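Spelled out from the first residue to the last, the chains are:
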Amino acid sequence: MLVCSCNYITDKEIVSTINELLDEDCWQLIVPAKVYHAMAKRGRCCGCFPTVVDLIIQTTEAYHANRRSEDEKVVDFMERLRRFHEEQRAAIQERRQRMAKTA
Ligand code: FES
C-alpha cells in the first residue's frame, strides 16, 4: 500500500526501515522524520505522517512481542511512545490547519 505519495513510499518499505532502526536500538524513540531520514527521503506535505506514526507504533509493538522483551519495560515504553506520538499527531494537525487558514 502506498503511504507517501510525495516520495512513493509503501508501507512495506516503512515497516522494513522501522525494523532496521529497532535492530540498531530497540528502545530508541522513532519519529516519522527519523524513518524518512534513514530512507534518504524527507517529508514534503507531511500528510502521510499520521499513517507513519501508526506504523511505528504497530511495528514497535510487534517487534517487542516477537522478541519477548521484558513485559514491564515494554508496557512502559509503548505507553510513552503512544503519548509522544499523540502529541506529535496533534501538533501536525494544528500546523496543517494553520497552513490551510493562511493559504
Ligand atoms: S504524502 Fe508523504 S510527504 Fe507528502
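Structure first, text after, so check above.
Here we summarise the structure given alongside this text.

### Things to note about the packing of helix α3 (residues 49-67) against helix α4 (residues 71-102)
So, step 1. At a minimum axis separation of 10 Å, α3 and α4 run at an interaxial angle of 175 degrees. Put simply, α3 runs roughly antiparallel to α4. Contacts from Phe49, Pro50, Val53, Asp54, Ile56, Ile57, Thr60, Glu61 and His64 of α3 reach α4 at Val74, Phe77, Met78, Leu81, Arg82, His85, Arg89 and Ile92.
So, step 2. Its residues placed into classes, the contact of α3 with α4 shows 10 nonpolar, 3 polar and 4 charged.

### Focus on the packing of helix α1 (residues 11-24) against α3
So, step 1. Running from N to C, α1 and α3 point in directions that differ by 50 degrees, and their axes come no closer than 10 Å. With respect to α3, the axis of α1 lies oblique. Between α1 and α3 lies a crossing of right-handed hand. Where α1 abuts α3, its residues Asp11, Ile14, Val15, Ile18, Asn19, Leu22 and Asp23 lie against Val52, Leu55, Ile56, Thr59, Thr60, Tyr63 and Arg67.
So, step 2. A per-class count over the contact of α1 with α3 returns 8 nonpolar, 3 polar and 3 charged.

### Digging into α1
So, step 1. With 14 residues, α1 should reach 20 Å at 1.5 Å per residue; the first-to-last C-alpha distance of 20 Å fits that figure.
So, step 2. Among all positions of α1, only Ile14, Thr17, Ile18, Leu21 and Leu22 are buried. For α1, the arc enclosing every buried residue in end-on projection is 140 degrees, short of the 170-degree limit, so these residues lie on one face. Structural note: α1 exposes Lys12 and Asp23 on the side pointing more than 90 degrees away from its buried face.
So, step 3. Check the buried side of α1 and you find it contacts β1 (2-4), β2 (9-10), α2 (32-38) and α3.

Calculation rules
- Residues numbered from 1 in each chain as written.
- Predicted model: local features only at pLDDT ≥ 70, side-chain atom pairs only at ≥ 80, totals over all residues.
- Heavy atoms only, no water.
- Axes fitted to C-alpha atoms, helices over the stretch in contact; angles between N-to-C directions.
- Helix = DSSP H or I, 4+ residues; strand = E, 2+ residues; numbered from the N terminus.
- Parallel < 35°, antiparallel > 145°, perpendicular 65-115°, else oblique.
- Contact = heavy atoms within 4.5 Å.
- Nonpolar A, V, L, I, M, F, W, Y, C, P; charged D, E, K, R; others polar.
- Left-handed = near helix turned anticlockwise from the far one by under 90°.
- Expected span 1.5 Å × (residues − 1).
- Buried < 20%, exposed > 50% of the residue type's maximum accessible area, 1.4 Å probe, protein only.
- Arc of directions from axis to C-beta.

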